[in-house]
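Residue-level structural notes
Listed below, chain by chain, are the residues.
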Amino acid sequence: MIKSEKNFCFCTLALGKKYSALASLLAKDIEIYSPNTSFIILTDHPEEFSNHSQVLVFKHEQQGVKCYHDKRFAIAKALSLFNSCIFIDSDMRILAPVPEDMEWLLTPGISARACMDMPKKFTKVLAGTASNKFVKEFTVVKNATKVLNLETNWKEISFVHEYLFSVTKDAGKEIEFLQQWDMLANYFELNGIYEGEGSAIGLAAYKAGLAVRWSEMQGISFFNNKIELVKISKGQSNRDEISQYFEDHKNILYPKRSFMSKAIDKLGNAFMHFYRKMRFKIVRSSLLN
């Protein structure tokens with residue numbers, strides 16, 4: 001493994017065999033399109049990356065009931081080594097050369113490929129047309145603003161789509177941001193919201209005084225399965241030209257298996273979710289007492 005002389009790195013979280021395999025494809029992309037840029041990966045399968053010279057791999061066991069908020073640990077590790085990091089979901093791909101210098105990355109704070117203010121994020125809730133699950137998330141997020149004394153700042157707080165964003169150090173504000181996210185991760189999960197990291201990122205950043213801004217992130221040409229399907233439906237992308245990326249994604253995440261194998265996996269996942277949920281409540285409750 002090598003450490004880049006650049007001031008930034010890529011980072012991701014890759015838990016489980018499937019997402020580790022997907023992150024290995026992403027690592028190959030970075031080797032091709034961003035030579036000498038380090039790629040920090042937190043994973044429970046470090047052996048998957050032994051042949052990637054640019055990968056700085058760190059063993060990580062899932063901390064939350066679900067893995068979504070564990071992304072904060074990848075960012076914390078990246079910022080302990082570099083001035084800036086670009087977090088990218090492990091199931092994404094890089095499609096073209098990444099420039100050596102990207103001006104948007106030099107500005108302190110968070111640059112997000114997609115973000116919006118909280119009222120827009122929860123438009124359906126405010127209109128009374130949201131699902132019960134989404135209403136529950138809204139309730140927990142609103143209660144979190146009370147815990148953080150940010151009730152009056154609701155319209156100023158951003159929701160950050162967490163699939164692709166960067167963090168650049170800002171005189172220690174990034175440290176408080178991570179500390180606030182850590183608190184919010186526990187708060188969300190103790191209240192039954194196991195996702196919602198995009199809301200936690202926005203709340204934590206606002207509380208820490210770390211700026212959040214939308215950025216086109218020029219120089220980062222990427223493949224995201226869900227986003228690409230939307231672009232194809234709008235005639236903004238040609239599926240034939242990127243068919244291999246869809247195939248790679250499908251073959252790893254959804255391999256052909258017998259009905260029995262799928263049923264066993266489903267039961268195993270349900271048990272692990274229950275186990276993590278109980279363990280999380282016991283551990284967090286003991287820390288509070």
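Note: the structure precedes this text.
Residues numbered from 1 in each chain as written. Predicted model: local features only at pLDDT ≥ 70, side-chain atom pairs only at ≥ 80, totals over all residues. Heavy atoms only, no water.

A tally of helices and strands in the protein yields ten helices and eleven strands. Out of the 289 residues in the protein, the part that is buried amounts to 46%. Counting contacts in the protein only where the partners sit at least 6 residues apart, residues at least 24 apart contribute 78% of the total. As displayed, the protein has an accessible area near 14,800 Å², and 53% of this comes from carbon and sulfur atoms. (Helix = DSSP H or I, 4+ residues; strand = E, 2+ residues; numbered from the N terminus. Buried < 20%, exposed > 50% of the residue type's maximum accessible area, 1.4 Å probe, protein only. Contact = heavy atoms within 4.5 Å. Areas by Shrake-Rupley, 256 points an atom, 1.4 Å probe, with all protein chains shown as cover.)

Here the focus is the sheet that holds strand E1 (residues 8-14). Pairing is mixed across the open sheet formed by seven strands, whose spatial order is E3-E2-E1-E4-E9-E6-E10. Edge strands, defined here as strands with exactly one partner in the open sheet, are strand E3 (55-59) and strand E10 (212-214). For this sheet, the mean inter-axis angle between neighbouring strands, taken without regard to orientation, is 20 degrees. This element, helix H1 (residues 17-33), spans E1, strand E2 (39-43), E3 and strand E4 (84-88) of the sheet and lies at about 175 degrees to E2. (Pairing = 2+ DSSP bridges. Axes fitted to C-alpha atoms, helices over the stretch in contact; angles between N-to-C directions.)

Right, let's get into the environment of Glu47. As for its position among the elements, Glu47 is in the loop between E2 and E3. Glu47 sits ten residues away from Val57 along the chain, and the two C-alpha atoms are 9.1 Å apart. Side chain to side chain, Glu47 and His45 meet in a polar contact 3.0 Å long. (Polar contact = N/O pair within 3.5 Å; in protein donor to acceptor, adjacent residues only side chain to side chain.)

Let us look at the layout of surface pockets. Quantified by volume, the second largest pocket comes out at close to 300 Å³. Every residue lining the second largest pocket is counted, 16 residues in all, and those nearest its centre are Arg113, Phe222, Ile227, Glu228 and Lys231. For the lining of the second largest pocket, the element with the most residues is helix H8 (residues 225-233), which contributes four residues. Of the residues in the lining of the second largest pocket, the class split is seven nonpolar, four polar and five charged. (1 Å grid on protein atoms, 1.4 Å probe; cavity = no way out; pocket = protein on both sides within 12 Å on 5 of 7 lines; lining within 4 Å. Points joined across faces, edges and corners; volume = space filled by probe spheres on them. Nonpolar A, V, L, I, M, F, W, Y, C, P; charged D, E, K, R; others polar.)

Once that is clear, we can look at the side chain of Asp170. For Asp170, the location among the structural elements is in the loop between strand E9 (164-168) and helix H6 (173-190). You can call Asp170 buried: its relative accessible area is 19%. Those residues in contact with Asp170 that sit more than four places away from it in its chain are Pro108, Gly109 and Leu210.

Once that is clear, we can look at empty space enclosed by the protein. In the structure shown here, the tally under the stated rule is two cavities of 30 Å³ or more. The space that makes up the second largest cavity amounts to roughly 30 Å³. Leu22, Leu25, Asp91, Arg93, Phe223, Tyr245, Asp248 and His249 together form the lining of the second largest cavity. Looking at the lining of the second largest cavity, the elements that each hand over two or more residues are H1 and helix H9 (243-253). In terms of residues, the lining of the second largest cavity owes the most to one element, H9, which gives three residues. Here the lining of the second largest cavity is composed, by residue class, of four nonpolar, one polar and three charged.

Moving on, we come to the side chain of Ser20. Within the secondary structure layout, Ser20 lies in helix H1. Residue classification places Ser20 among the buried residues on the basis of a relative accessible area of 0%.

The subject of this paragraph is the pairing of E4. Burial of E4 is extensive: five of the five residues sit out of reach of the surface. Bridge count between E1 and E4: four bridges; the pairing is parallel. Counterpart to Phe10 in the pairing with E4 is Ile86. Sheet analysis places E4 next to E9, joined by five bridges and oriented antiparallel. For Ile86, the partnering residue across the bridge sits in E9 and is Ser166.

Inspection of every chain in the model, using the stated rule, returns eleven salt bridges. Linking Lys59 and Glu61 is a salt bridge whose minimum nitrogen-to-oxygen distance equals 3.5 Å. For Glu61, a relative accessible area of 44% corresponds to the partly exposed category. Residues Asp170 and Lys173 are paired through a salt bridge, measuring 3.8 Å at the closest nitrogen-oxygen approach. (Salt bridge = Lys/Arg side-chain N within 4 Å of Asp/Glu carboxyl O.)

The next thing to look at is the packing of aromatic side chains. According to the stated counting rule, one finds ten aromatic pairs in the structure shown. In this structure, Lys77 is placed above the aromatic ring of Phe58, and the distance from its NZ or CZ to the ring centre is 4.6 Å. (Phe/Tyr/Trp six-rings, centres within 6.5 Å; stacked < 30°, edge-to-face > 60°. Lys NZ or Arg CZ within 6 Å of the ring centre and 35° of its normal.)

A separate point is the pairing of E2. For E2, the tally of buried residues reaches five of five residues, placing the bulk of the element in the interior. By the alternation rule, side chains of E2 split into Phe39, Ile41 and Thr43 and Ile40 and Leu42, which are all buried. Read as a crossover between parallel neighbours, the route from E1 over H1 to E2 is right-handed. Alignment of E2 against E3, held across five bridges, turns out to be parallel. Its bridge partner being in E3, Ile40 is matched across the sheet by Leu56. (Right-handed = clockwise from strand over helix to strand, strands pointing away.)

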